[in-house]
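Structure at a glance
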Amino acid sequence: MKLISVYTGSFKGLSEESWMLALVMLINRAGSMVLPFLGVYMTGHLHFSIENSGIILSFFGIGSVLGSWLGGLITDKIGEYRVQSLSLLLSVPLFCLIPLFKTEVGLAAIILIQSIVSETFRPANSVAITKYAKPENITRAFSLNRMAVNLGFSIGPALGGILSAISYEFLFFSNALAALLAGLMYIRFFGKRNKLASLKPKKVKEAIAVRKENSPYRDGKFLLYSFFCMLFAICFFQLFSTLTIFYKDTAHLSQQSIGYILGYSGFLIVLLEMGFVQIAEKYFNLAFTLFIGTVLCGVSYVMLVFDHSILTLVVSMTLLCIGEIWTLPFMSTITALRSGKNNKGAYMGMNGISVALAFIITPYVGTMTADKLGFNTLWIGTGVLAVGIAVGFYFVIPWMLKKREINS
């Protein structure tokens, strides 16, 4: 009963707007069922080569980088409400257009455009979270949003598998419908609230942030911090590329078993994130939280060198999930603290770019290392890099933020 009380207590104090932002994100990401099946669609339905399909998929990562930059830029100019509304609504026709492009060049172009438009949503959404969350609840508001993302990504691929079996066109149209529903819900709920907020600006925790630079691209301390964020994302994103290959080729798991472990990770994030974030906020400072979270991620990969049993794989995934919980939402909080009142979108966009770059780099570096040097080298290298990143976080964060922010 006490555990249940602690868990439910971690949700208390979150604003109604924070819950609605999470619900919009849940619907939007549950509808993001196209990406996991694009590779199968291109090789099986359009008969593209595996190599060319991989090149086309890289355009999604390029679009993510451009979208994060553009979203951060225009959010500071026209506001997070307009950017999120436009991103969701413009995604609708773009999803419907994808099945009309049958050539490799055409499909790469439409995927690039769709990715740019969709990813402008992220920095604007992050700004909205800081805008509507109470100062003491910013990290938990980010965690609630991430929990919605994880739940959406758990639902989306399952629905995508069913819909793609019926028709790939049906899959794209369903994706468009989800974006439309999320957009209409967002506009209906936040339309009046945005007008009221613009008339009566709300002071949030960035009031105590360090703001020596007007642009994140000229903020040397923040650029160094973003570089460490990118390195962490490169380590973590092994989960989505080389780790599944390792499960299949080295641990000899069936596709069904791989699905169970990945499903377990999503379930664990949903179950534990809010409670573990509350623990970190109560007992740790920001620098130590990212330090221990990054180390746990590294340990989770190094474990795979010594044993491939199902128990070890589950424990490794558990540590990876806890490390993720104690790193990713706090990375957004630190970015919000570093930014100023009028450049929050640019800072969130820069942080998004660091993660999007990792999305491009990780598959190539990970698969090349595993192919040339073996998985053991990859996991040991990832673990060593993670420890170095953890030390970097531990010293860069206090250097970048004021003392009272680090201990808050």
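Check the entry above for the structure.
In short, a report on the structure. Remember, it's a predicted structure, so these values are computed and weren't measured experimentally.

What follows deals with the overall build of the protein chain. Of the regular secondary structure elements, the protein chain holds 18 helices and 0 strands. Out of the 408 residues belonging to the protein chain, those deemed buried represent 55%. Across the protein chain, every contact between residues at least 6 apart in sequence was considered, and the portion connecting residues at least 24 apart equals 87%. Summed over all atoms, the accessible surface of the protein chain reaches about 18,200 Å², with 70% contributed by carbon and sulfur.

A few words now on the pattern of salt bridges. In total, this model carries 5 salt bridges according to the counting rule given. Across the pair R193 and E16 runs a salt bridge whose closest N-O atoms are separated by 3.7 Å. Here E16 lies in helix α2 (residues 16–30) and R193 lies in helix α9 (residues 168–199), a separation of 177 residues in the sequence. The network of salt bridges with shared partners includes E16, E17 and R193.

A separate point is helix α7 (residues 121–132). Within an α-helix, residues lying three or four positions from one another point in the same direction, as the helix has 3.6 residues per turn. In this model α7 runs 16 Å from its N-terminal to its C-terminal C-alpha over 12 residues, within 8% of the 16 Å that 1.5 Å per residue would give. Counting buried positions over the 12 residues of α7 gives 10, a clear majority of the element. If you check which residues of α7 are buried, you get F121, P123, A124, N125, S126, V127, A128, I129, T130 and Y132.

A full pass over the atoms with the stated rule returns 22 aromatic pairs. Taking the centre distance of 5.9 Å and the plane angle of 50 degrees together, the rings of F236 and F237 count as tilted. Taking the relative accessible area as the measure of exposure, F237 reaches 14% and is therefore buried. The rings of F276, F284, F288, F291, W326, Y394 and F395 are connected pair by pair, giving a single aromatic cluster. Residue placement shows R193 over the ring face of F189; its charged tip is 3.8 Å from the ring centre.

At a minimum axis separation of 7 Å, helix α13 (residues 286–302) and helix α14 (residues 310–325) run at an interaxial angle of 160 degrees. The orientation of α13 relative to α14 falls into the category roughly antiparallel. For α13 against α14, the interelement crossing comes out left-handed. Together, G293, L296, C297, V299, S300 and Y301 of α13 and S316, L319, L320, I322, G323 and E324 of α14 make up the contact between the two elements. Within the contact of α13 with α14, the residues separate by chemical class into 7 nonpolar, 4 polar and 1 charged.

Take the nonpolar core next. Residues Y225, L243, Y247, W379, F393 and I397 are the most contacted members of the largest nonpolar core, which totals 59 residues. For this core, the secondary-structure elements that each account for two or more residues are α10 (220–236), α11 (242–249), α12 (255–283), α13, α14, α15 (328–338), α16 (344–373) and α17 (375–400). Dropping the residues within four chain positions of it, L243 is found in contact with Q238, Y301, L304, M317 and W379. Core analysis: the next-biggest nonpolar cluster, separate from the first, contains 30 residues, L21, I27, A141 and A336 among them.

With respect to the secondary-structure elements, S316 resides in helix α14. With a relative accessible area of 5%, S316 lands in the buried category. In this structure S316 touches S300, Y301, M303 and L304, once residues within four positions along its chain are discounted.

Parameters and conventions
Residues numbered from 1 in each chain as written. Predicted model: local features only at pLDDT ≥ 70, side-chain atom pairs only at ≥ 80, totals over all residues. Heavy atoms only, no water. Helix = DSSP H or I, 4+ residues; strand = E, 2+ residues; numbered from the N terminus. Buried < 20%, exposed > 50% of the residue type's maximum accessible area, 1.4 Å probe, protein only. Contact = heavy atoms within 4.5 Å. Areas by Shrake-Rupley, 256 points an atom, 1.4 Å probe, with all protein chains shown as cover. Salt bridge = Lys/Arg side-chain N within 4 Å of Asp/Glu carboxyl O. Expected span 1.5 Å × (residues − 1). Phe/Tyr/Trp six-rings, centres within 6.5 Å; stacked < 30°, edge-to-face > 60°. Lys NZ or Arg CZ within 6 Å of the ring centre and 35° of its normal. Axes fitted to C-alpha atoms, helices over the stretch in contact; angles between N-to-C directions. Parallel < 35°, antiparallel > 145°, perpendicular 65-115°, else oblique. Left-handed = near helix turned anticlockwise from the far one by under 90°. Nonpolar A, V, L, I, M, F, W, Y, C, P; charged D, E, K, R; others polar. Core = buried A, V, L, I, M, F, W, Y, C linked by side-chain atoms within 4.5 Å.

From the geometry alone we can't say anything about function, so treat these as descriptive.
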